[in-house]
Amino acid sequence: MEAEKAVMGSDGEDGLTNNELPMANLIRLMKKVIPGKVKIGGIAKGLTHNCTVEFVEFVGDEAFEKARGEHRRTIAPEDYLGSFRNLGFDHYIKPMETYIHGYREFERAGGNRRVAPPTTGTSLTPYGPTFTDAEIQFLRSVIPSPSDDKYNGSSPADNS
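Residues numbered from 1 in each chain as written. Predicted model: local features only at pLDDT ≥ 70, side-chain atom pairs only at ≥ 80, totals over all residues. Heavy atoms only, no water.

## What to know about helix α2 (residues 23–33)
Here is step 1: For α2, the full list of buried residues reads M23, L26, I27 and M30. Projection of α2 onto a plane perpendicular to its axis shows the buried side chains occupying an angular sector of 100°, all on one side. Exposed residues on α2 whose side chains face more than 90 degrees from its buried face are L29 and K32.
Here is step 2: Where α2 is buried, its residues touch α3 (42–69). (Buried < 20%, exposed > 50% of the residue type's maximum accessible area, 1.4 Å probe, protein only. Helix = DSSP H or I, 4+ residues; strand = E, 2+ residues; numbered from the N terminus. Arc of directions from axis to C-beta. Contact = heavy atoms within 4.5 Å.)

So this is what it looks like as structure tokens:
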């Protein structure tokens, strides 16, 4: 009961049942960046989930406002870049630009799975998405490693 109260949002919504972002996906990401023998408590999972959902909504709302201000109904990746810039998340802009550029190049090269399903791939979950070796290689090239000092808690001023 106490754990449930701890993860309640300020609006009274229970973060453990929030379906906007699957809890299992977030936990899988959390486990990738912490040492193998460390366990994650239920309250920590719920609070991290709530914070993640709030962050995504915060950035998404800003991107939506930018698109709406330009009389568009579709939010483009550049709208998210603009929202990161406007909200002061400057250190995320360059990795996102690199990812967007690489993803578009990948799609142009015929890597879009929606057009032609892969014949071989690596399944990350029994019923989840399947990624080709080329997609995995691309994702590893644009997503920073947890051991990378640049993304491990040091400030941008430390890297200068």
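## Some words on the packing of aromatic side chains
Here is step 1: Here the structure, examined in full by the defined rule, presents six aromatic pairs.
Here is step 2: Where F55 meets F84, the ring centres are 6.3 Å apart and the plane angle is 40°; that geometry is what we call tilted. Of this pair, F55 sits in helix α3 while F84 sits in helix α4 (residues 77–87), and the two are 29 residues apart along the sequence.
Here is step 3: A relative accessible area of 32% places F55 in the partly exposed class.
Here is step 4: Take F84: its relative accessible area is 8%, and that puts it in the buried class. (Phe/Tyr/Trp six-rings, centres within 6.5 Å; stacked < 30°, edge-to-face > 60°.)

## A word on the environment of Y103
Here is step 1: Locating Y103 in the fold gives a position in helix α5 (residues 90–111).
Here is step 2: Accessibility expressed as a relative area gives 31% for Y103, which makes it partly exposed.

## A short note on the confidence of the model for the protein chain
Here is step 1: Averaged over every residue, the pLDDT of the protein chain is 74; residues scoring 70 or more account for 62%.
Here is step 2: Confidence, expressed as mean pLDDT per element, reaches its minimum in the protein chain at helix α1 (residues 2–6) with 42 and its maximum at α4 with 93.
Here is step 3: Predicted confidence is poor over residues 1–18, with pLDDT under 50, and the contacts of this stretch with residues over four places away or in other chains come to 21 contacts. (pLDDT = per-residue confidence, 0-100.)

## A short note on the nonpolar core
Here is step 1: Counting residues in hydrophobic clusters, the biggest one holds five residues: V59, L81, F84, I93 and I100.
Here is step 2: Going through the elements one at a time, α4 and α5 are the ones with two or more residues in this core.
Here is step 3: Excluding residues that lie within four positions of it along the chain, V59 makes contacts with Y80, S83, F84 and L87. (Core = buried A, V, L, I, M, F, W, Y, C linked by side-chain atoms within 4.5 Å.)

## Topic: the packing of α3 against α4
Here is step 1: Where α3 meets α4, the axes come as close as 8 Å, and the angle between the chain directions of the two elements is 110°. One element, α3, and the other, α4, form an angle in the roughly perpendicular class. In terms of crossing hand, the pair formed by α3 and α4 is right-handed. Residues F55, F58, V59, G60, E62, A63, K66 and A67 of α3 form the contact with α4, whose own contacting residues are E78, D79, Y80, S83, F84, N86 and L87.
Here is step 2: Split by residue class, the contact of α3 with α4 holds eight nonpolar, three polar and four charged. (Axes fitted to C-alpha atoms, helices over the stretch in contact; angles between N-to-C directions. Parallel < 35°, antiparallel > 145°, perpendicular 65-115°, else oblique. Left-handed = near helix turned anticlockwise from the far one by under 90°. Nonpolar A, V, L, I, M, F, W, Y, C, P; charged D, E, K, R; others polar.)

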